[in-house]
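# Coordinate inspection notes
Here's the letter readout for the chains.
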Amino acid sequence: MSRPLVLAIESSCDETGIALVEGGRRIVSNVVASQVALHAPSGGIVPEVAARAHLRWIVPVLDEAWKDAGATWGDIDAIAVTYGPGLAGSLLVGINFAKALAWVHDRPLVAVNHLEGHVYAAWLLDPGQEPGDCPEPVFPLVALVVSGGHTFIAEMRDHLTYRLLGTTVDDAAGEAFDKVGRLLGLGYPGGPAIQRAAENATRYDVTFPRAWMGDSYDLSFSGLKTAARRIEADARQAEGLPSDDPTATLSDSTVAELAWGFQDSVVDVLATKTARAARAVGARSIVLGGGVAANAALRARLAGEAADLGVPLIVPRPALCTDNGAMIGAAGACRYGAGERARLDLDARPSLPLATR
Ligand code: KG4
Ligand code: ZN
């Protein structure tokens, strides 16, 4: 195995992920226990429930990761763990688990920013893949990170260095997907459900607003959410549905049309701004990461923008866009290589930032 071999732990939100990553790129094993079904009835993540589920699943997930890898502790060079941003209780489960393993097995501990993990997912290779099979991000690059809790555009001129170009001033893109998904009765999480509904659209007449925020690379999605409420209410009226009866639902075709219109607005703003940023900084590649990067419309649109600019778009396969341990292993290996070591008093940083202006 090429070095380092990193055991990586991710528990910042609602997925318990443990992976083994070799040489900072190759996935040896990557196991994710999702809590989606657990949180679906409440329509969102309940922090206390999430932390308890991490506790319940973290040991079985590690057992599974070992089984898939065929490696032993003797092969492991370092343990990487997400220490923020995220839910405090969820982060603490992963951090304390990682510390215990580091102490018992006498291995160095590396602290990883979850958002850096979403960026470094772009370097990951699946077990059968060779480095030549998929392009490696080249610097300078522009990264668009779009998740349930964060949305920003950053420039990287080298490994582990970030300059913030723009960020959401209110909701994250994923949060908007989740809220509008709930509004349209599509369940939780809203992102994949909106994508599926939008794929069935046959009418494309409803236009949702775009918050361009002048010339800046900043983003805003709260106005879009308010517009969605108004557009949904108008659609209910047009279909003769009583406004006070939530069990009376819009027709599937209207839901599909509204889902498409909403998604088109988010994708348009994200792709346009990212492409403009890439052109402005002379980026040689564009990286897309975070849960919303699993969205097929966003991937397709940004691929088109990147092709127009003549630079590669590097976007992980959808399962590596949403939270997982492998992305923490890729970022952790880079930090480990740079000589970074965390102490055993490492604490959770729920609001840890990544990039600054
Ligand atoms: O990165 P992630 O797994 O967790 C956080 O760090 O937040 O992102 C989760 C977010 C959720 O808001 C979810 O609705 C969204 O990613 N998402 C999608 C898709 N798949 C997941 N949004 C749009 N289209 C998708 N296909
Ligand atoms: Zn995430």
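Preceding this section is the structure that the text describes.
A few points on the structure. (Residues numbered from 1 in each chain as written. Chains lettered and ligands numbered in written order. Predicted model: local features only at pLDDT ≥ 70, side-chain atom pairs only at ≥ 80, totals over all residues. Heavy atoms only, no water.)

### Let's talk about the overall build of the protein
Per the secondary structure count, the protein includes 11 helices and 10 strands. Taken over the C-alpha trace, the protein has a radius of gyration of 21 Å; the compact-globule value for 357 residues is 21 Å, and the two agree within 12%. Its C-alpha atoms put the protein at 65 × 45 × 35 Å along the principal axes. Going through the 357 residues of the protein one by one, you find that 56% of them count as buried. In the protein, the share of contacts with a sequence separation of at least 24, taken over all contacts with a separation of at least 6, comes to 74%. For the protein, the computed accessible surface area is about 14,600 Å², with 53% contributed by carbon and sulfur atoms. Across the protein, the 31 positively charged side chains and the 41 negatively charged ones have centroids separated by 4 Å. (Helix = DSSP H or I, 4+ residues; strand = E, 2+ residues; numbered from the N terminus. Rg over C-alpha atoms; globule rule 2.2 N^0.38 Å. Buried < 20%, exposed > 50% of the residue type's maximum accessible area, 1.4 Å probe, protein only. Contact = heavy atoms within 4.5 Å. Areas by Shrake-Rupley, 256 points an atom, 1.4 Å probe, with all protein chains shown as cover. Lys, Arg positive; Asp, Glu negative; His and termini not counted. Charge placed at Lys NZ, Arg CZ, Asp CG, Glu CD.)

### Concerning the pairing of strand 5 (residues 109-113)
With five of five residues buried, strand 5 lies mostly within the body of the structure. Going residue by residue along strand 5, you find Leu-109, Ala-111 and Asn-113 tucked away on one face and Val-110 and Val-112 tucked away on the opposite face as well. In the classification by handedness, the crossover that spans strand 4 (residues 78-84), the intervening helix 3 (residues 88-105) and the parallel strand 5 is right-handed. (Right-handed = clockwise from strand over helix to strand, strands pointing away.)

### With respect to the site of ligand 1
Looking at ligand 1, there are 19 residues lining it, with His-118, Gly-148, Asp-178, Gln-195 and Gly-291 nearest. Here an oxygen atom of ligand 1 and a side-chain polar atom of His-118 are 3.0 Å apart. Within the side chain of Asn-295, a nitrogen or oxygen atom sits 3.0 Å from a nitrogen atom of ligand 1. Here ligand 1 has 560 Å² of accessible area as a free molecule, and 89% of this is covered by the chains. Of all the secondary-structure elements, those providing two or more residues to the shell around ligand 1 are helix 4 (114-120), helix 5 (173-183) and helix 6 (190-199). For the shell around ligand 1, the residue count by class is five nonpolar, 12 polar and two charged. (Near = heavy atom within 4 Å. Polar contact = N/O pair within 3.5 Å; in protein donor to acceptor, adjacent residues only side chain to side chain. Nonpolar A, V, L, I, M, F, W, Y, C, P; charged D, E, K, R; others polar.)

### So, the pattern of salt bridges
Counted under the stated rule, the structure contains 21 salt bridges. For Arg-317, the salt bridge goes to Asp-126, with nearest N and O atoms at 2.6 Å. Taken together, the positions of Arg-317 in the loop between strand 10 (313-314) and helix 10 (318-321) and Asp-126 in the loop between helix 4 and strand 6 (141-146) put the pair 191 residues apart, joining distant regions of the chain. Classification of Arg-317 by relative accessible area gives partly exposed; the value is 38%. A salt bridge links Arg-343 to Asp-345; the shortest N-O distance between them is 2.4 Å. Taking the relative accessible area as the measure of exposure, Arg-343 reaches 59% and is therefore exposed. Among the charged side chains, a network of salt bridges with common partners joins Arg-210, Asp-264, Asp-268, Arg-301 and Glu-305. (Salt bridge = Lys/Arg side-chain N within 4 Å of Asp/Glu carboxyl O.)

### Re helix 3
When the terminal C-alpha atoms of helix 3 are compared, their 25 Å separation across 18 residues agrees well with the 26 Å that a helix rising 1.5 Å per residue should span. Among all positions of helix 3, only Ser-90, Leu-91, Val-93, Gly-94, Ile-95, Phe-97, Ala-98, Lys-99, Leu-101 and Ala-102 are buried. Among the structural elements, strand 1 (5-10), strand 2 (15-22), helix 2 (47-69), strand 4 and strand 5 are those in contact with the buried residues of helix 3. (Expected span 1.5 Å × (residues − 1).)

### Brief notes about a nonpolar patch on the surface
A surface patch of nonpolar side chains, about 200 Å² in accessible area, is lined by Leu-38, Val-46 and Val-49. Within the fold, Leu-38 resides in helix 1 (residues 36-39). By relative accessible area, Leu-38 is classed as partly exposed at 45%. (Patch = residues over 30% accessible without salt bridge, like charges linked within 9 Å, V, L, I, M, F, W, Y side chains within 5 Å.)

### Concerning the sheet that holds strand 2
On the basis of which strands lie adjacent, the open sheet formed by five strands has the order 3-2-1-4-5 and mixed pairing. The two strands at the open ends of the sheet, each matched to only one other strand, are strand 3 (26-34) and strand 5. This sheet shows a mean twist of 20° between the axes of neighbouring strands, independent of strand direction. Pairing of strand 2 with strand 3 involves eight bridges; the strand directions are antiparallel. Opposite Ile-18, over in strand 3, you have Val-31 as the bridge partner. Strands strand 1, strand 2, strand 4 and strand 5 of the sheet are contacted by helix 3, whose axis makes an angle of about 160° with strand 4. Seen against the sheet, helix 11 (residues 325-337) touches strand 1, strand 2, strand 3, strand 4 and strand 5 and runs at an angle of roughly 130° to strand 1. (Pairing = 2+ DSSP bridges. Axes fitted to C-alpha atoms, helices over the stretch in contact; angles between N-to-C directions.)

### Considerations on the coordination of the zinc ion (ligand 2)
His-114 (NE2), His-118 (NE2) and Asp-323 (OD) make up the full set of protein donors to the zinc ion (ligand 2), lying at 2.0 to 2.1 Å. Linear spacing of the donor residues for the zinc ion (ligand 2) on their chain is H-x3-H-x204-D. Placement of the pair is His-118 in helix 4 and Asp-323 in the loop between helix 10 and helix 11, with a sequence separation of 205 residues. In this structure, His-118 and Asp-323 share a single accessibility class: buried. (Donors = N, O, S within 2.8 Å, 3.2 Å for Na, K, Ca; no water.)

### So, the pairing of strand 2
On any regular strand, side chains alternate: one points to one face of the sheet, the next to the other face. Counting buried positions along strand 2 gives eight out of eight residues, so the element sits mostly inside the fold. Burial along strand 2 is two-sided: the residues Glu-15, Gly-17, Ala-19 and Val-21 and Thr-16, Ile-18, Leu-20 and Glu-22 are all buried. As paired elements, strand 1 and strand 2 share six bridges and run antiparallel to each other. In the sheet register, Glu-10 faces strand 2, and the bridge partner there is Gly-17. The antiparallel pairing of strand 1 with strand 2 creates a hairpin that spans four residues between the two strands. The hairpin turn running from strand 2 into strand 3, its antiparallel successor, is three residues long, and Gly-23 in that turn takes a positive phi close to 55°.

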